[in-house]
Amino acid sequence: MNEVLAARHYGAQGPRVALVHGWGWDGRLLSPLAQALGAHCRVVQPDLPGYGLNVGQRCDGFDDCVDQLVQAVPDAEVLVGWSLGGLLAIAWAARMPVRRLLLVGASPRFMQAGDWPYGMTEERFDAFADGLEQNPRRTRTRFAALAALGDSDARGARGAMAALMDDVPPTAPALRQGLDWLRERDLRDTLRSLPIPLSCLHGEQDHVVDMRAAAKEDAARWMPVPGAAHLPWRHGDLSDLCAWVCADD
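To continue, consider the side chain of Asp151. Among the secondary structure elements, Asp151 is positioned in the loop between helix H5 (136-148) and helix H6 (154-162). Of the side chains with opposite charge, Arg234 comes closest to the buried, unpaired Asp151, at an N-O distance of 4.7 Å. A distance of 2.8 Å separates the side chain of Asp151 from the side chain of His235, its partner in a polar contact. Once residues within four sequence positions are removed from consideration, Asp151 is found in contact with Gly227, Ala228, Ala229 and His235.

This paragraph deals with the state of the cysteines. Evaluated as defined, the whole model comprises 1 disulfide. The residue that forms a disulfide with Cys41 is Cys246, at a sulfur-sulfur distance of 2.2 Å. Residue Cys41 is found in the loop between helix H1 (31-38) and strand E3 (42-46), and its partner Cys246 is found in the segment after helix H10 (239-245); the two are separated by 205 residues along the sequence. By relative accessible area, Cys246 is classed as buried at 10%. Free of any disulfide, Cys59 has its nearest cysteine sulfur in Cys65, 4.4 Å distant.

Look at Ser83: it is not a glycine, yet its phi comes out positive at around 55°. Take Ser83: it is sitting in the loop between strand E4 (78-82) and helix H3 (84-95). Positive phi values are uncommon outside glycine, yet Val168 reaches one of about 55°. Relative to the helices and strands, Val168 resides in the loop between H6 and helix H7 (172-184).

In total, this model carries 6 aromatic pairs according to the counting rule given. Taking 5.0 Å as the distance between ring centres and 85° as the angle between the ring planes, the aromatic pair formed by Trp116 and Tyr118 counts as edge-to-face. There is no split in this pair, since Trp116 and Tyr118 are both buried. An aromatic cluster is defined as three or more aromatic residues linked by ring pairs; in this entry it consists of Trp23, Trp25 and Phe143. Stacked on the ring of Trp244, the Lys or Arg Arg100 has its end atom at 5.4 Å from the ring centre. The ring centre of Trp25 lies 4.6 Å from the NZ or CZ of Arg140, which sits over that ring.

Reading guide: rules and limits
Residues numbered from 1 in each chain as written. Predicted model: local features only at pLDDT ≥ 70, side-chain atom pairs only at ≥ 80, totals over all residues. Heavy atoms only, no water. Helix = DSSP H or I, 4+ residues; strand = E, 2+ residues; numbered from the N terminus. Buried < 20%, exposed > 50% of the residue type's maximum accessible area, 1.4 Å probe, protein only. Lys, Arg positive; Asp, Glu negative; His and termini not counted. Salt bridge = Lys/Arg side-chain N within 4 Å of Asp/Glu carboxyl O. Polar contact = N/O pair within 3.5 Å; in protein donor to acceptor, adjacent residues only side chain to side chain. Contact = heavy atoms within 4.5 Å. Disulfide = S-S within 2.5 Å. Phe/Tyr/Trp six-rings, centres within 6.5 Å; stacked < 30°, edge-to-face > 60°. Lys NZ or Arg CZ within 6 Å of the ring centre and 35° of its normal.

Okay, structure coming up:
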């Protein structure tokens, strides 16, 4: 049986906020966002199984991963998920009585469909996923380039990801699982059914998750970030975002 997921903690007062990272990098990539939120609320940031603090852990699938996140932060009041972490946060919010949800560079469906033109095509996704088996590091490097593409500070975005490239890299099974979840999961109906306020923080230049996908959601707050790509927390003033996430009501 897996141990409870280890987590980083920021802040000492305010609502309990769970912050979930995305594919390819552990939670340290989001440390600027975690620190900003931690000035106003109590942030708990568990790394996913196979990543960072939990590189020795594993999960048996998407639902088991969500179960482990819930177990790690059972008293979460607000959920924040970036990229793949957004899918996990949506599923988490459907299971537990949280007060609000923030999606960062995320949408409820990653792949294109006949009624969803905003996702990645099968051909492009397959080309990306096939490279993982031969060279995981090269695949992560390609993802970093895509995540920074179009960013007004593309060099800084790539540098932030490069700095963590080889320090406790995620396991190959965790990377494969994450790509499977991105391919298979469609949580549009789940997201629409959530009876809680939703906010979306999204880079206007994001080439990983089309901004129009997030704009389709009935968000309480829609926060496009000019000049930002897939790491939008690196741009601008986060005070309004923190006020919404950490509101004690």
